[in-house]
Structures are given as structure tokens and as C-alpha cells.
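Given next are the chains, with one letter for each unit.
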Amino acid sequence: MGTADVEAVWRIESARIVAALTRLTGDFGLAEDAAQEAVAEALVSWPLDSPANPAGWLMATARRRAIDAIRRRTALQDRYALLAADPTADPAVDDEVDPDRIDDDILALMFVSCHPVLSPEARVALTLRVVGGLSSEEIARAFLVPVPTVQARITRGKKTIAAAGVPFELPPAAERRERLGGVLSVLYVIFTEGSTATSGDRLVRPDLAYEAIRLARTLAALQPDEPEAHGLLALCELTAARFPARTGPDGSPILLEDQDRRRWDFSAIRRGLAALAKASTRGLGPYGLQAAIAATHASAPSVGETDWDRIVVLYEALGRVAPSPVVELNRAVAVAMASGPAQALAIVDELIASDRLSGSHLVPTVRGELLARLGRRQEARAELELAARLCANQRERAVLLRKAAALGSTGRD
């Protein structure tokens, strides 16, 4: 077995291993460290001697590393005795992963990784590390931050969890429902960054987006009665369905109206629609409403034939349940398609007057498009050039500059 094989097994089994060790040791940080040490050992030993049961080998090795660590903590000898009760256990058939509890263990791991005592950045890093199985290097590459920054976030996160005495257990049902929004928001942040990178030279980071989808599927399977878990999954699937058509061979963005919809992933669309149906059982929440908007796009043969009136209504509903300036801006885009640019421009100008998206490239991007449609070319060019200056993603910036240049300089509106 080579490095790729080790990484594949780790990506699949890491959450189960860390969850089981955390339940057994009661120490989230110790469990994650022991699991990482097991992977490091696998990278050395598996190419020389491949185990018959790779997952069992990782679990047994991680368990031994945890025992070694606990041994060094004299105050925890009772736990060591519990863990070391059967030192002759066969690693290949190791039984510490309780099949009747593992789903709850992984769910508990998600809630611990996304605990409110952590900063948003730490929640994202910990979730990707201990639930998703990504390395610090992979997380750093995805979010374009230095590896030491990611490692520091993970270390601080584990220390914060330990200092706060966060138990490794599923919160009570009522509290779980309250905290589910935090778990969903972490997965949403991960997917959004993968779907449209905030900075760098790539528009889409599909590996990160697909990792978020994998985690969202896990959450929806473990929380089948939570509509918003299915709503988030639907949103991710339906959005990711467009990935194959969103960029050209050189990575340059392809706008929605120019995309070859035959290249959309129709299997992902079917999965997204199925998840949306489950989300609709008790009325749509914020993620479900966004998924419904994505579904409207997915079902349209072209931009011109899209049901923009329905999208406007859905954005209005989203604005009532989860008001935000970004929702208002997106509603303005839909209004422009349904009713014309003049009405949409009024919405955007109101956003500017309220100063709710100051510094974002999104507002001048939309305003520039609307002004161009109204024939106010000089103003439109100025807005698009402003948007380009504010945009940190190189691919998006290039598109904005091309649009601005295409407007030329007329000297008048």
C-alpha cells in the first residue's frame, strides 16, 4: 500500500476512529493526536507490510498510542486500566468500534467540532480535520492560509474544548436542535468557499466543496428528521451540479447564461431534488429555500426560460426568515431578470445607502451590470472597475475587467 492508499483509508475511517477514541478516553485532543500518530506510522509501515484490515489496524494503533499517552498521565491510571484490560486483543478484529453507537459517535464528533465555545475559524478547521480527515496542509491550501495558521487554530480549538470541559456526547434533543444551526453553518462555509473561492487564482475548489457535500450527507443520514440538514444537502448538490460547466479548460469562469447545460451533473441534480423533497416535509427553512432557488435554475433549459418570478418570490421568503444584505442583492438580480433593471437598481441603491455591504465587490458588480443594461455605460464601467479592485479572486477580477473594457469610454451616459 502506498501513500494514496493510506490517505484513502484515513479519509473514510478517520471520523469513526477519532469518535471511538474520544468516547473511550473522554479526551478529544488526545484522541485526535493518537489518530494522527497512527496515520504517520501507517505511512511508514504499510508500503512494507500491508495489513489485511487497514481500518482495524489504524484503530488498534491509535488505541495503543492513546494508551501510551494516558500511561504518562498518572492521574488517569484508572482510564488506562480500562483501555488496557485486554492487551492480547487481535488488532485485525479490534472491537472497540461499537456498531450500535458509531453513528451517534460521529454525530457527537460533529457537535464537538462545531461547539459554540470555538471561534468560527476553529470550527471549520476542526471539522475538516477530525470529521473530514483533511490534513493541515489540505485545509491551508483550500483556504489560502499558512499551514502554521491552520495548525494553531486546531491546537487552540482542542485546548479550548478541554478547558471548557466540553463532554463527548450528543446534546439533549432540544439543545441539539438549537446547535444544529451552528453545525450546518460550518458545512455551508466550507461548501461556499469550495464553490466560489474568496481569493486566489481558482474560481472553484471542487475538492473542498465535495468534502462539504460528503459531510452534509453524513449529517442528513444521522439526522433524518431535520429538514434543514436535507435542505443544506440539496443546496450543495444542486449547486455543485453546475461545476463541470462553470469554468473553461483554462479555469476561466463561464457565466450562467453562457454555460453548456448539457455538461451539468444530472445525477447530482436528481440527488439534490430528492433531498429537497425531504426538506419540504415541514416547510422550507433558509437552506431549503436556497435549494429551491437552485432547483429552479437546474430545471430551466436556459437563462431566458428560467422562472424568474418564482425565484423573486423565493428570495422574498428567504429575506423574511434569514434577512441579510446578500439575500437582498440576489433578490435584486432576480428582480432585474423578472421585471427589468430599473426596479432592481433601486434595491441596490437602497443597499448602498444603508451601507450594509461596504467593501464588498458584489454590490458594484451588480450595480455595474444593471447600469450597463440601462445604457449608462460610463457609470457601469466605473462600477465594474471598482468591483475588480475590491475582488480578491483573480479569475473573477479578470472577468470584471473584461466587462469594463468592453463598455469602452463614451464620455457620456
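Residues numbered from 1 in each chain as written. Predicted model: local features only at pLDDT ≥ 70, side-chain atom pairs only at ≥ 80, totals over all residues. Heavy atoms only, no water.

Our focus in this paragraph is the overall build of the protein chain. From N to C terminus, the protein chain includes 20 helices and zero strands. Seen along its three principal axes, the alpha-carbon backbone of the protein chain occupies a region of about 85 × 45 × 40 Å. Each of the 413 residues in the protein chain was classed as buried or not, and the buried ones make up 49%. Counting contacts in the protein chain only where the partners sit at least 6 residues apart, residues at least 24 apart contribute 65% of the total. (Helix = DSSP H or I, 4+ residues; strand = E, 2+ residues; numbered from the N terminus. Buried < 20%, exposed > 50% of the residue type's maximum accessible area, 1.4 Å probe, protein only. Contact = heavy atoms within 4.5 Å.)

Pairing between side chains of opposite charge can happen when their charged atoms approach one another. Counted by the stated rule, this structure contains 18 salt bridges. Across the salt bridge formed by Asp68 and Arg65, the nearest N and O atoms sit 3.6 Å from each other. Separated by three residues within a single helix, Asp68 and Arg65 lie in helix α3 (residues 54-71), roughly one turn from each other. Residue Arg65 is classed as partly exposed on the basis of its relative accessible area, which comes to 23%. Between Arg381 and Glu385 there is a salt bridge whose closest N-O contact spans 2.9 Å. (Salt bridge = Lys/Arg side-chain N within 4 Å of Asp/Glu carboxyl O.)

The next thing to look at is the environment of Asp5. Tracing the sequence through the fold places Asp5 in helix α1 (residues 3-25). Of the residues examined, Asp5 reaches a relative accessible area of 37% and is grouped as partly exposed. A C-alpha to C-alpha distance of 9.5 Å links Asp5 and Pro54, two positions 49 residues apart in sequence.

If you look at the biggest cluster of nonpolar residues, it comprises 86 residues, and the most contacted ones within it are Ile17, Leu21, Leu58, Leu109, Ile190, Phe191 and Leu219. In this structure Leu21 touches Gly26, Ala31, Ala34, Ala35, Met59, Ala62, Arg63 and Ala66, once residues within four positions along its chain are discounted. Grouped together as the second largest cluster of nonpolar side chains are 35 residues, Leu289, Ile293, Ala344 and Leu371 included. (Core = buried A, V, L, I, M, F, W, Y, C linked by side-chain atoms within 4.5 Å.)

This next bit is on the side chain of Arg123. Its place among the elements puts Arg123 in helix α6 (residues 120-131). Glu121 provides the closest opposite charge to the buried, unpaired Arg123, separated from it by 8.2 Å. (Lys, Arg positive; Asp, Glu negative; His and termini not counted.)

Running from N to C, α6 and helix α7 (residues 136-143) cross one another at 135°; their axes reach a closest spacing of 10 Å. Between α6 and α7, the crossing angle belongs to the class labelled oblique. In terms of crossing hand, the pair formed by α6 and α7 is right-handed. Facing α6, whose interface residues are Val124, Ala125, Leu128 and Arg129, α7 presents Ser136, Ile139 and Phe143. Split by residue class, the contact of α6 with α7 holds five nonpolar, one polar and one charged. (Axes fitted to C-alpha atoms, helices over the stretch in contact; angles between N-to-C directions. Parallel < 35°, antiparallel > 145°, perpendicular 65-115°, else oblique. Left-handed = near helix turned anticlockwise from the far one by under 90°. Nonpolar A, V, L, I, M, F, W, Y, C, P; charged D, E, K, R; others polar.)

UniProt's feature table lists "domain: RNA polymerase sigma factor 70 region 4 type" (unreviewed entry) at residues 111-160, given in the numbering used throughout. Strand forms 0% of residues 111-160 and helix 74%; the C-alpha atoms that close the span are 14 Å apart. (UniProt positions renumbered as here; feature names shortened; annotations may be inferred.)

Moving on, we get to the packing of aromatic side chains. Geometrically, a pair of aromatic rings is defined through the distance of the ring centres and the angle of the planes. What the rule picks out here adds up to four aromatic pairs. Judged by centre distance (6.3 Å) and plane angle (10°), the ring pair of Phe191 and Phe243 falls under stacked. Here the residue Phe191 occupies a position in helix α9 (residues 173-195), and Phe243 occupies one in helix α12 (residues 243-246), the gap between them amounting to 52 residues. Comparing Phe191 with Phe243 shows no difference in burial state: the two are buried. Every member of this aromatic cluster is reached through a ring pair, and the members are Phe191, Tyr210 and Phe243. (Phe/Tyr/Trp six-rings, centres within 6.5 Å; stacked < 30°, edge-to-face > 60°.)

What follows deals with the environment of Ser267. Summarising the element assignment, Ser267 is placed in helix α13 (residues 266-279). Ser267 sits in the partly exposed class, given a relative accessible area of 33%. In this structure, the C-alpha to C-alpha distance between Ser267 and Gly2, residues 265 residues apart in sequence, is 32 Å.

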